[in-house]
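Each chain is listed here by its residues.
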Amino acid sequence: MSPQLVDLGRFLMTRRAEVAPSQVGLPDAGKRRTPGLRREEVALLAGVGVSWYTWIEQGRAENVSGEVLDSIARVLQLSENQRLYMRQLAGVQAVPHPPVAQPEAEAMRPFVDNWWPNPAYIADHAWNIVVANAAAQALLGIDSAQQDAEGRPYNVLREFFTSPHMRAAFPSWKETAPTLVARFRSHAAHHLDEPAIPALAAELMAESAYFAELWDRHEVVEDSCGPEVLRHRDVGELHFTRATLDFTRRIAMRMTVFLPTPGTGTEAALRRLSHVTLSQGMNAVDPLGETR
């Protein structure tokens, strides 16, 4: 028996002991020898054979399905984290359900403002910007409402292929595009059931022949970190290492931070850019955490 399946069985026995019969609509027949539900009660309520459920708790069910585990999770009133943990132990796909509501954008703002003067932004699963600090706004042409010229959420991929500002911001725009599309496709693989992603791809294929060419290549690359060169009209060319940090998969948000490459003068240029943005009245937080 695999250690993971043994752990799964022990996990289920522990959770089963925590659920009272009355919690699942069963009559409370008085004091029981052991607390919680009996195995046969869980099996009945989950629509699983008693023998099969027993095998699961004994760590012997090597081919248990995700559907069976989800039924058991419902009966045992498991949290989303517990349901995913159970699936991981069983070796089946563990994809979180989408959240009922995303966190408010302003609740996420401290994460990006604390990186000032380094550019930082948080995007959702379709690369719509949720919140960005002033440096990222200045470099990428993001307004304070995180919207594009048509009032839609500012989308990194859409702006890259349709915005003159973004073409000017990337000195090697044409060379950067294949990696950007491959990064997006790699990230999108985790959210194939989300309609926003194929809709965005279809929109951009209609608007940009270059995007359509790159999308049809079906290339993927890791979307965690890499070099990035950007240009700003006031401070010139900036060299970064781009780092992408995931929040929990349940909220499907990720933060991208641009860290200055040593020896390129980028750190000093960002300091100059911070003075420009502050003089223009943009809200920002300096490296000491003081609001200007």
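Structure: see above.
Residues numbered from 1 in each chain as written. Predicted model: local features only at pLDDT ≥ 70, side-chain atom pairs only at ≥ 80, totals over all residues. Heavy atoms only, no water.

Relative orientation of the contacting elements helix 2 (residues 39-46) and helix 3 (residues 50-57) amounts to 115 degrees, with a least axis distance of 9 Å. Of the two elements, helix 2 crosses helix 3, and the hand of that crossing is right-handed. Note on element contacts: helix 3 touches helix 2 through Val 50, Tyr 53, Thr 54 and Glu 57, opposite Arg 39, Glu 40, Val 42 and Ala 43. For the contact of helix 2 with helix 3, a count of residues per class yields four nonpolar, one polar and three charged. (Axes fitted to C-alpha atoms, helices over the stretch in contact; angles between N-to-C directions. Helix = DSSP H or I, 4+ residues; strand = E, 2+ residues; numbered from the N terminus. Left-handed = near helix turned anticlockwise from the far one by under 90°. Contact = heavy atoms within 4.5 Å. Nonpolar A, V, L, I, M, F, W, Y, C, P; charged D, E, K, R; others polar.)

Attention shifts here to the environment of Leu 89. Positionally, Leu 89 belongs in helix 5 (residues 80-90). Since its relative accessible area comes to 11%, Leu 89 is described here as buried. For Leu 89 and Val 130, which are 41 residues apart along the polypeptide, the C-alpha to C-alpha distance reads 33 Å. Sequence-distant contacts of Leu 89, that is, excluding residues within four places in its chain, are made with Gln 4, Leu 5, Asp 7 and Leu 8. (Buried < 20%, exposed > 50% of the residue type's maximum accessible area, 1.4 Å probe, protein only.)

Turning to the packing of aromatic side chains, a few remarks are in order. This structure, assessed with the given rule, holds 15 aromatic pairs. Between Phe 11 and Tyr 85, the ring centres sit 5.2 Å apart and the planes meet at 70 degrees, which makes this aromatic pair edge-to-face. With Phe 11 in helix 1 (residues 3-16) and Tyr 85 in helix 5, this pair connects stretches of sequence that are 74 residues apart. Exposure remark for Phe 11: the relative accessible area of 10% places this residue in the buried category. (Phe/Tyr/Trp six-rings, centres within 6.5 Å; stacked < 30°, edge-to-face > 60°.)

Moving on, we come to empty space enclosed by the protein. Over the atoms rolls a probe the size of a water molecule, and in doing so it shows where empty space is left. Tallying each qualifying case throughout the model produces one cavity of 30 Å³ or more. Roughly 70 Å³ of volume is contained in the largest cavity. Around the largest cavity sit Tyr 121, Ala 123, Trp 127, Val 156, Arg 183, Asp 223, Thr 244, Arg 254 and Thr 256, which together line it. When contributions to the lining of the largest cavity are tallied by element, the ones reaching two or more residues are strand 1 (120-123) and strand 5 (254-260). Classifying every residue of the lining of the largest cavity by side-chain character gives four nonpolar, two polar and three charged. (1 Å grid on protein atoms, 1.4 Å probe; cavity = no way out; pocket = protein on both sides within 12 Å on 5 of 7 lines; lining within 4 Å. Points joined across faces, edges and corners; volume = space filled by probe spheres on them.)

For the pair helix 1 and helix 5, interaxial distance at closest approach is 8 Å and the crossing angle is 150 degrees. The orientation of helix 1 with respect to helix 5, classified from their angle, is roughly antiparallel. Note on element contacts: helix 5 touches helix 1 through Gln 82, Tyr 85, Met 86, Leu 89 and Ala 90, opposite Gln 4, Leu 5, Asp 7, Leu 8, Phe 11, Leu 12 and Arg 15. For the contact of helix 1 with helix 5, the class distribution of residues is eight nonpolar, two polar and two charged. (Parallel < 35°, antiparallel > 145°, perpendicular 65-115°, else oblique.)

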